[in-house]
Structures are given as C-alpha cells and as structure tokens.
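# Architecture and fold: a report
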Protein chains: 2
Amino acid sequence: MKTPLILITNDDGYQAAGIQALTCAVSTFAEVYVVAPDGARSGTAASISSTQPVSFHEVKPLPNGYPASIKLFACTGTPVDCIKLAWEQIVPRRPDLILSGINHGDNASISVHYSGTMGAVLEGCMKGIPSIGVSLWMQRGQRYEDIPVCEDTLSALTALCQRVATEGLPQDICLNINIPPSHAFRGWQVCRQSRGLWASEWADATNPHGQRAFWLTGTFTDLEPEATDTDFSALRAGYCSIVPITIDMTAYAAMNDINSLIS
Amino acid sequence: MKTPLILITNDDGYQAAGIQALTCAVSTFAEVYVVAPDGARSGTAASISSTQPVSFHEVKPLPNGYPASIKLFACTGTPVDCIKLAWEQIVPRRPDLILSGINHGDNASISVHYSGTMGAVLEGCMKGIPSIGVSLWMQRGQRYEDIPVCEDTLSALTALCQRVATEGLPQDICLNINIPPSHAFRGWQVCRQSRGLWASEWADATNPHGQRAFWLTGTFTDLEPEATDTDFSALRAGYCSIVPITIDMTAYAAMNDINSLIS
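These numbers were taken from a predicted model, which means no experiment stands behind them. (Residues numbered from 1 in each chain as written. Chains lettered and ligands numbered in written order. Predicted model: local features only at pLDDT ≥ 70, side-chain atom pairs only at ≥ 80, totals over all residues.)

## Remarks on the interface of chain A and chain B
With 59 residues of chain A in contact, the opposing surface of chain B contributes 59 residues. Among the elements of the structure, helix 2 (79–90), helix 3 (116–126), helix 4 (151–167), strand 8 (188–190), strand 11 (214–216), strand 13 (240–246) and helix 6 (255–262) of chain A are those that each provide at least two residues to the side of chain A that touches chain B. If one sorts the elements of the side of chain A that touches chain B by residue count, helix 6 of chain A sits on top with 6 residues. (Contact = placed C-beta atoms within 7 Å. Helix = DSSP H or I, 4+ residues; strand = E, 2+ residues; numbered from the N terminus.)

## Observations concerning the nonpolar core
Of all hydrophobic cores here, the largest spans 166 residues; its most connected members are V34, V35 and L99 of chain A together with V34, V35 and L99 of chain B. With residues near it in sequence (within four places) discarded, V34 of chain B still touches I8, Y14, I19, T23, I70, L72 and F73 of chain B. (Core = buried A, V, L, I, M, F, W, Y, C linked by C-beta atoms within 7 Å. Buried ≥ 20, exposed ≤ 12 C-beta atoms within 10 Å, placed from the backbone.)

## Remarks on the sheet that holds strand 6 (residues 131–136) of chain B
Residues and elements named next belong to chain B. In spatial order, the strands read 3-4-2-1-5-6-7-13-8; together these 9 strands make up an open sheet with mixed pairing. Since the sheet does not close on itself, it has two edges, and those belong to strand 3 (56–58) and strand 8 (188–190), each with one partner. The mean inter-strand angle of the sheet, taken between neighbouring strand axes irrespective of direction, is 20°. Bridge count between strand 6 and strand 7 (residues 173–179): 5 bridges; the pairing is parallel. In the sheet register, S135 faces strand 7, and the bridge partner there is N178. (Pairing = 2+ DSSP bridges. Axes fitted to C-alpha atoms, helices over the stretch in contact; angles between N-to-C directions.)

## Section: the sheet that holds strand 1 (residues 5–9) of chain A
Residues and elements named next belong to chain A. An order of 3-4-2-1-5-6-7-13-8 is seen for the 9 strands of this open sheet, with the pairing classed as mixed. Strand pairing shows two members of the sheet lacking a second neighbour, strand 3 (56–58) and strand 8, which therefore form its edges. Neighbouring strand axes in the sheet, compared pairwise and without regard to direction, differ in orientation by 20° on average. Of the strands in this sheet, strand 1, strand 2 (31–37), strand 3, strand 4 (71–75) and strand 5 (97–104) are in contact with helix 2, which crosses strand 2 at around 135°. Those strands touched by helix 3 are strand 1, strand 5, strand 6 (131–136) and strand 7 (173–179), and its axis lies near 170° from that of strand 6.

## Some remarks on the environment of G196 of chain B
All names here are of chain B. Mapped onto the elements of the fold, G196 is located in strand 9 (residues 196–199). Take G196: there are 20 C-beta atoms within 10 Å of it, and that puts it in the buried class. Discounting chain neighbours no more than four positions away, the residues touching G196 are S109, I110, F220, T221, D222 and L223.

## Describing the pairing of strand 1 of chain A
Sheet faces and side chains relate simply in a regular strand, where the side chains alternate between the two faces. All names here are of chain A. In terms of burial, strand 1 is a largely internal element, 4 of the 5 residues being buried. Sheet topology places strand 1 next to strand 2; 4 bridges connect them, and they run parallel. Note that in strand 2 the partner of L7 across the bridge is Y33.

## Overview of the pairing of strand 13 of chain A
Residue and element names in this part refer to chain A. The element strand 13 is extensively covered by neighbouring structure, given that 7 of its 7 residues are classed as buried. Across the two faces of strand 13 the burial is the same, with C240, I242, P244 and T246 and S241, V243 and I245 all buried. One ladder, built from 6 bridges, connects strand 7 with strand 13; its direction is antiparallel. Bridge assignment links N178 to a residue of strand 13, and that residue is S241. Relative to strand 13, strand 8 is paired through 3 bridges, and the arrangement is parallel. From the neighbouring strand, Q189 faces strand 13, where its bridge partner is S241.

In short, geometric facts, not functional conclusions.
Encoded structure:
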C-alpha cells in the first residue's frame, strides 16, 4: 500500500506541544507535512488574510519535539491560510488526510465557531480532503504539559486517522474530535454539538493612561447538562467525542418557517 | 407597539456605504445602535480577539451617511467582538434584532465560512437574538457605490426586518441574505447554500528585497450550476436569496457512517 500523505496544522503555532504529539503519532504510518502558524492564532475561526500578504519558510533544523522524517513550514497567516498555502505551494501531491491540533483547550459545543483549529478543518473539507480536528479539554490556566494526551488515546487516534486516510469521509463532512483529560482511553462516542452559551465575556483592561479597554474572557454554560448524546456529555463521561460536522450550514428544517416569513 | 431596538455591525467598517444604507433603511421604524469595526475586517469569519485588548468609542458627530437618530460606536476588534462588546457594554437593553452588512461583496455558498459579516450574525444567533446578514453580490473591483442596493430592495428588506424584529426566528437559526445587482426588487427566494470551490488562491507578492510572499485571491466555482434551489441560482435569476443558517454544525445524516468508522 502507498504511504499516505498527511498535512497537519493547528492554531497554537508550530512550537506547541499538541501539534508535536499529533505529528509524532501519525508519522508512524504516513509521510507528514506540517504547515502551521509561526505563533498563536487562537480564536481565528476560518479567517483569511485579506489585508496583508502571507509568507512561509521551512523550519530547519526541526525543533526537538518533531520526528526527523517530517517536513515543517512556519506561516505568517491564519490556520486557513496555512491549508490554502500548503495546498497550492508546498505539498507534493493531494494529501490523503488533513489534521488540525491537538488544540490546547476544547472546541466542543459552539466553540467550534470561534476555533482556528476547526477553521482549518472546514477549509480542508471545502477542498474535498478528509479532515479532522483534535482538541484537548483543559481547565483555564492549565498547560498541555500538565495533562498531555496519553499514549493510549494517541494510539486510538492514530488508528482512526489511518482508517480515514484510507477510506475517506462522506462528502462535505469533517470531524471535530475532543479528548477529555485522562490517563487511559475509554473509547469514542459519536455525538452531536451541545447547545451552549458564553457569558461575562469582558474583563477590564484599562491602560495606564486611563483609557478603557477590554480583554475577552467568559464563562461557558452547557445548555443541555442532562443530555446524553452531546460532545460535552461524552467528555464528562470520560469518552473522546466525535462530532461529524457539515460545511453546509443550511437549516433545512427551517425552510418552511422562513418561507412563511416572506409570504 | 414599543419601538424595536436594532444593533447593526458589519465587516467593512463603520464608514462603509453598505452599513450606512442599511442603517438609514431600518432607522425608519427602530431605535438603532451601530457598533462596527473602525476599519476593514473582511474575511475575519467568527474570529475573536484573544491576544490583545479591544476598545471602542462613540463617533460624534455622525458621518454624513447616517441618520441623526442613531448612536454610533467604532470598535478596534472583529465583527464578533463588536456584538459581544455591544451586548455587555453598550446597548441599553436586549436588541430585538441584530443586522450585519450590507456587505460589499456576496457571502453566498461556502463564503459564509470566511465572512466576518456572517460571523457577527452567528454570534447574535448564539446569544439567542434574531440575526440577519445582508450582502451585495458585486464583481471584483466594483465599488458598492457603482451599483448600490436599490430603494425598492431596501424597502423589501426593511419590511422583512420589521417582521423578524417582531416575530423572531426559530431557535438557533439565523439568515444569510444575498442581493443581486439590480435596479428593481424581483422578490425573495428561500434556498440552500450552494456547493462551491475556491481555487488559484495565491498571487505573487514578492517584496522589493526578493522575499517571497503571497496575496490571497482566488476564483470561485459554483459546483451546482444547474441547480434551481441554491443561493447562487436565486442570485443568477435576479432574486434576493435567503439561506436559513443553523449554528448547529452537526452532520446528523452522517452519524451512522461515522459510527461504523469507529466500530
């Protein structure tokens, strides 16, 4: 069988521990190109660089956390820019799989909309390439290194990636995987996106000259705490959640309601 | 009946012609707060400012294109930041409606994912507020002023906004409206998001020192040119398209496929 080609990015930057762990895991069976931001791009969603040019360079020698077999490129743009640039300027052929992560922090529930990690996954999916985002559920202030994804889970993830690289995913569908903090792999749960709400989103950041400014922060509430079929219910039970995500945002079930609105 | 409160933002900045036209139209029946970026934020999707504080100020006197009855605030952040800041720091009560636009350029098909205009709409929807994005289909290089949204269409749009401000929208559903260039209003079409593909996305931007860099550009292909139920088919026929958009990105139809992937 031909060795699959995997393109990896993230939104924490190529020096993050999570992307290095993911790269090590899948480079055991694949040829890997990492094309990732040159620094933090958290919360950049599917944003693209429209007001300034983007550039990239190959990072040599490789930082310690990367296996010697891979190629690594650092990019000045967003995670979506990384996929677009890699696709047209860097990878030698069509990737069999695009991975994004492992993000330092979950991207469950509505956080999927803000996530640069998942932005890159949507981009891969829009290009027709099987694409998976992987994120680690952590408490605020925790570092990835405090409770890294365990070997057990990395093995299960690697097996899943190998299968998707071979078999693909349904058209216009990508995966949003979230991993609970754990020392063992309890299993996967395919689930839906939980309804959620961010509130209390601004902290004072008044500057030394007295000018008011605000830091984005916030507390998240799972609006379906009793549900047993959502990403957060899976995570709370210690399972790794897999939400199949569609790039078609049409609310088909609402068509009639909206038609009556215009009649 | 109580006068409804409408919060308006965009991703072209508060000085853009499109947001001023939209504000003039709906201020005929509503109390309006405009909280918009202080400059261009095209392509920022649902991104949030996570690495720097955000600030805002009231713009007084109002620029010429705005009606005297409104309040206008300029914000240093993204369109999503504008909604979050307005919600907690600016508007006097819960808005009855959030509007974003009129964007200079369409946000049909998969462009919904990159759009800062639609990012703000998703944010409003996540907060449980009826939210509508409005965009004008233009050719690249055209200015809004070349073929502004006609009075006819603005009237129809105003009537729709008035109805949504009163009746609301289904839970977790917002609207993505695109307007064709036209001198008359032909009608609404409720439709689905067309499948599409962006390609040839990078133009050379090598700098005077010989360092390679790239400008994002691209050509868009509608992958369903024969369809009669998509946003682009509506636009091509001269109709204003309305795609109901869900913030739940779960691909319910793919659940079984993904379950068999992990078994």
